[in-house]
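Tertiary structure, described
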Amino acid sequence: ALIHSTLSYNCNEVVKLCPLSFQELKALMAQHSTSASQQPGSSRSCFPGCLSSSQSQHKYHFEKAFLVSQSGSCRVMAYCDSLSCLVVSQPSPQATLIPGCGVKMMSAANLKSSQYIPIHSKQIRGLAFSNQTDGLLLSAALDHTLKLTSLTTNTVVQTYNAGRPVWSCCWCLDDTNYIYAGLVNGSILVYDLRDTSSHVQELAPQKSR
């Protein structure tokens, strides 16, 4: 699997990446609509703070591609700002000795890989770092578990068994004591890091109308 270090996002993709609330997003869209109506010649303008397509073409360019895994299956990745590193999920490079899946650490300084950290027994579906500077990586996998891994010690420090395949995960933006696990059936499990016994709440999926 190859990773291209290209930073050409359009405005819609930037909005997807920003942790905005619904009300903030509505206000931003209304502001953009008003701005566009006042400037008829700028129908292709973006949200405030975004680069236009022509600007992004001049500012961003392809820089480098590097190999993560010969076997492929590198499904997800996450960036840790405090450690200046990128982690990419992959199957174990030595499956006979260390079966399962983990992450490959990549330095953002030189885009070189450092080491592989084994975490799960099956495919990893989600990775996320908290906004703290503790280097804790949250991961979700098809082995029914949600795990916290310390990148300072390269070890798993906490495991939560969801009882079902976990397809996604994220940290609570308001309180980093809480983490979320998205399950294969559409449910969301809420975990409190101060209570390691089980999840504290399960949010059932909304029925389709």
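Now for a look at the structure at hand. It should be emphasised that the depicted structure is a prediction, and the values quoted were computed from it without experimental measurement.

Attention now goes to the pattern of salt bridges. Under the criterion given, the structure shown has two salt bridges. Between Arg 164 and Glu 202 there is a salt bridge, and its shortest N-O distance comes to 3.2 Å. Separated by 38 residues along the polypeptide, Arg 164 in the loop between β10 (155-161) and β11 (166-171) and Glu 202 in strand β14 (residues 201-203) bring together distant segments of the chain. Among the residues examined, Arg 164 registers a relative accessible area of 25% and is labelled partly exposed. For Asp 192, the salt bridge identified is with Arg 194, shortest N-O distance 2.9 Å. The buried category is assigned to Asp 192, whose relative accessible area is 10%. On the basis of relative accessible area, Arg 194 is assigned to the exposed category, the value being 55%.

Remark: a regular strand shows side chains that alternate across the two faces of the sheet. Strand direction decides the pairing type here: strand β5 (residues 101-107) and strand β6 (residues 113-120), joined by five bridges, are antiparallel. Bridging across to β6, Val 103 finds its partner in Ile 117. Taking the residues that link successive antiparallel strands as the turn, the β5-β6 hairpin has five residues, and the phi of Leu 111 there is positive, at about 55 degrees.

Here we take up the state of the cysteines. This structure, assessed with the given rule, holds zero disulfides. In this structure Cys 85 is not part of a disulfide, and its nearest cysteine sulfur, from Cys 80, lies 5.1 Å away. For Cys 85, a relative accessible area of 5% gives the class buried. Not engaged in a disulfide, the cysteine Cys 169 finds its nearest cysteine sulfur in Cys 170; these two sulfurs lie 7.2 Å apart. When its relative accessible area of 12% is taken as the criterion, Cys 169 is described as buried.

Procedures and definitions
Residues numbered from 1 in each chain as written. Predicted model: local features only at pLDDT ≥ 70, side-chain atom pairs only at ≥ 80, totals over all residues. Heavy atoms only, no water. Salt bridge = Lys/Arg side-chain N within 4 Å of Asp/Glu carboxyl O. Helix = DSSP H or I, 4+ residues; strand = E, 2+ residues; numbered from the N terminus. Buried < 20%, exposed > 50% of the residue type's maximum accessible area, 1.4 Å probe, protein only. Pairing = 2+ DSSP bridges. Disulfide = S-S within 2.5 Å.

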